[in-house]
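The primary structure of each chain is shown beneath.
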Amino acid sequence: MSLTSQIKEYALNIGYSKIGIIPAEDFPEYIEDLTKRSDMYGFYVKSPNRPLAVADLKSLMPTAKSIITTVYDYAQKGFPKELTNKIGRVYQARSYDPPSEYINGARPELMRTFLRKLGCEVGENIILPERLVAAKAGITNYGRNSFAYAEGIGSFIYLKSFIVDKELEYDNPTMKEVCPEGCSACMKACPTKAIYEPHKINPPRCIAFNTFLTQERIAGSYIQPEIREKMGTKIQGCDICQEVCPLNQERLKSKLPDDEYLVKVARDFSLSQVLNMTDNFYETRVQPLLFNYIKERKYFQRNAAIALGNQGDPAFVPNLAIAMDDPEELVRGYAAWALGKIGGRSASQVLVDNLSKETSESVKTEIRQALATIKISDEQN
Ligand code: SF4
Ligand code: SF4
């Protein structure tokens, strides 16, 4: 069996749904697009991941000859609705680059070990434009929502590539759009109009991007009030433009077996618990499920505060009052916003009480803005 066949069979054997291979070359079209839209992608271009470095792949790995790319279908089991309105499916499925002690982190490790056993040198820590790589390798196509779609699966897929120093047999690109003529369901459904034209997303307007605004990733954690209001109850990721897509309906409507782990998590996962997080909740519920992107608990708390504000239920005022005593000013500031959004006399009183003792200028600003816009009707207490 050829080296290529051995690699492809092994990938399918360990659970990847598709595998393709391309020569290890630069990605000028990717660099050109990022550079053209630097007003929207400035955060990424400057990030420590060095995305523009792929313009000179050979400087990252001088021996690079081939890129092996894979599709993992992460929607093989069901997702509890209690979680789906809060957390994107890829995170629920623990598929987004988890540590190697988890099954979806072990799979790429198995792949690397196998490739090394076959005598390949395997590149480490090189960030690739995965959607472009997969399309060039003929294993996915594009939707107008910018997601990659794999034939027979849809867009609930995770792409992972491996760079090796061996020449292999290469696949033909697909690079086509899969959308039915006239469909724009994703663009219409996007609450923030982040998809501003087919195949173009403005990340700073995307809810998923905003849930991930953290100091270490993007060097900023401020979510614009206009976006906060549109985040609904999402605390990590957003699947709306994939949920409405006709190409995903077959999967979404099929009766999938339960993921017993998620069923267990969903039983005791609530926004108020995320907001007023105990060490135990963080270690047993947040970390094992959401180990990616967001590393510090204060960002989950921020997102939960926004989500509770958007629910508008006065029953959450006591939870937000506790959050106003949180040692993190980020949490206090967003709790103040949420109290303003919920409104009513008790929310207003919590804001007034905290304004007098607050020491952070940014939190005081949030409190003052909340008090300036808060609605108090006679029925509310
Ligand atoms: S992930 Fe959500 S916010 Fe982002 S483009 Fe899709 S629907 Fe819009
Ligand atoms: S919703 Fe329609 S336009 Fe958007 S990605 Fe799906 S098929 Fe394409």
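Each remark here, short or long, concerns the structure printed above.
Residues numbered from 1 in each chain as written. Chains lettered and ligands numbered in written order. Predicted model: local features only at pLDDT ≥ 70, side-chain atom pairs only at ≥ 80, totals over all residues. Heavy atoms only, no water.

(A) Representation of the overall build of the protein within the structure. Helix and strand counts for the protein come out as 22 helices and 7 strands. In terms of C-alpha radius of gyration, the protein reaches 23 Å, essentially the compact-globule figure of 21 Å for 381 residues. Pairs at least 24 residues apart make up 74% of the contacts formed inside the protein by residues separated by at least 6 positions. Surface summary for the protein: the accessible area is close to 17500 Å², and the carbon and sulfur share equals 51%. (Helix = DSSP H or I, 4+ residues; strand = E, 2+ residues; numbered from the N terminus. Rg over C-alpha atoms; globule rule 2.2 N^0.38 Å. Contact = heavy atoms within 4.5 Å. Areas by Shrake-Rupley, 256 points an atom, 1.4 Å probe, with all protein chains shown as cover.)

(B) Region of interest: the site of ligand 1. With respect to spatial proximity, the complete set of residues near ligand 1 consists of Cys190, Pro191, Thr192, Ala194, Ile195, Ile201, Cys206, Ile207, Cys238, Ile240 and Cys241. Split by residue class, the shell around ligand 1 holds 10 nonpolar, 1 polar and no charged. (Near = heavy atom within 4 Å. Nonpolar A, V, L, I, M, F, W, Y, C, P; charged D, E, K, R; others polar.)

(C) Just the packing of helix α15 (residues 260-267) against helix α17 (residues 279-289), in detail. One way to put it is that α15 packs onto α17 with a least axis distance of 11 Å and a crossing angle of 130°. The angle between α15 and α17 falls in the class oblique. Helix-helix and strand crossings are classified by hand; for α15 and α17 the assignment is left-handed. Each of Tyr261, Leu262, Lys264 and Val265 in α15 lies in contact with α17, whose residues at this interface are Thr284, Arg285, Pro288 and Leu289. Of the residues in the contact of α15 with α17, the class split is 5 nonpolar, 1 polar and 2 charged. (Axes fitted to C-alpha atoms, helices over the stretch in contact; angles between N-to-C directions. Parallel < 35°, antiparallel > 145°, perpendicular 65-115°, else oblique. Left-handed = near helix turned anticlockwise from the far one by under 90°.)

(D) Quick look at the pattern of salt bridges. Counted according to the given criterion, the structure contains 24 salt bridges. Between Asp97 and Lys160 there is a salt bridge whose closest N-O contact spans 3.2 Å. Here the residue Asp97 occupies a position in the loop between α6 (89-92) and α7 (103-117), and Lys160 occupies one in strand β5 (residues 157-164), the gap between them amounting to 63 residues. On the basis of relative accessibility, which here comes to 37%, the residue Asp97 falls in the partly exposed class. In this structure, the salt-bridge partner of Arg297 is Asp279, at a minimum N-O distance of 3.1 Å. In this pair, Arg297 is assigned in helix α18 (residues 297-311) and Asp279 in helix α17, connecting sequence segments 18 residues apart. The exposure class assigned to Arg297 is partly exposed, which follows from its relative accessible area of 25%. Three or more residues joined by partner-sharing salt bridges are found here, namely Asp33, Arg37 and Lys200. (Salt bridge = Lys/Arg side-chain N within 4 Å of Asp/Glu carboxyl O. Buried < 20%, exposed > 50% of the residue type's maximum accessible area, 1.4 Å probe, protein only.)

(E) Region of interest: the site of ligand 2. As a matter of local geometry, ligand 2 sits amid Gly143, Arg144, Asn145, Tyr149, Cys179, Pro180, Cys183, Ala185, Cys186, Cys245, Pro246 and Leu247. Across the shell around ligand 2, the residue classes break down as 9 nonpolar, 2 polar and 1 charged.

(F) Fine view of helix α1 (residues 3-13). Residues of α1 that are buried include every one of Thr4, Ile7, Tyr10 and Ala11, and no others. Buried residues in α1, looked at end-on, bunch into an arc of 135°, giving them a common side. Of the surrounding elements, those touching the buried residues of α1 are β1 (18-23), β2 (66-73) and α7. (Arc of directions from axis to C-beta.)

(G) Just the sheet that holds β2, in detail. Taken in spatial order, the 3 strands line up as β1-β2-β5 in an open sheet, and their pairing is antiparallel. Two strands in the sheet have a free side with no partner beyond their single neighbour: β1 and β5. Here the strands of the sheet are splayed against their neighbours by 20° on average, with no regard to which way each runs. Sheet contacts for α1: β1 and β2; angle to β1, the most-contacted strand, approximately 145°. (Pairing = 2+ DSSP bridges.)

(H) Structural context of the environment of Glu243. With respect to the helices, strands and loops of the structure, Glu243 is situated in helix α13 (residues 240-243). Taking the relative accessible area as the measure of exposure, Glu243 reaches 23% and is therefore partly exposed. Residues Glu243 and Ser346 lie 103 residues apart in sequence; the distance between their C-alpha atoms is 37 Å. Excluding its chain neighbours within four sequence positions, the residues that come into contact with Glu243 are Thr84, Arg89, Gln249 and Leu252. A distance of 2.9 Å separates the side chain of Glu243 from the side chain of Arg89, its partner in a polar contact. (Polar contact = N/O pair within 3.5 Å; in protein donor to acceptor, adjacent residues only side chain to side chain.)

(I) Up close: the packing of α18 against helix α20 (residues 329-342). Between α18 and α20, the shortest axis-to-axis distance is 8 Å and the interhelical angle comes to 5°. Between α18 and α20, the crossing angle belongs to the class labelled roughly parallel. Residues Lys298, Tyr299, Gln301, Arg302, Ala305, Ile306, Leu308, Gly309 and Asn310 of α18 form the contact with α20, whose own contacting residues are Leu330, Val331, Tyr334, Ala335, Trp337, Ala338, Lys341 and Ile342. When its residues are assigned to classes, the contact of α18 with α20 shows 11 nonpolar, 3 polar and 3 charged.

(J) How the structure looks around unusual backbone geometry. Located in the positive-phi region is Met175, a residue other than glycine, with phi close to 50°. Residue position: Met175 is located in the loop between β5 and α9 (185-189). One non-glycine residue, His199, lies in positive phi territory at about 70°. With respect to the secondary-structure elements, His199 resides in the loop between β6 (195-197) and β7 (200-201).

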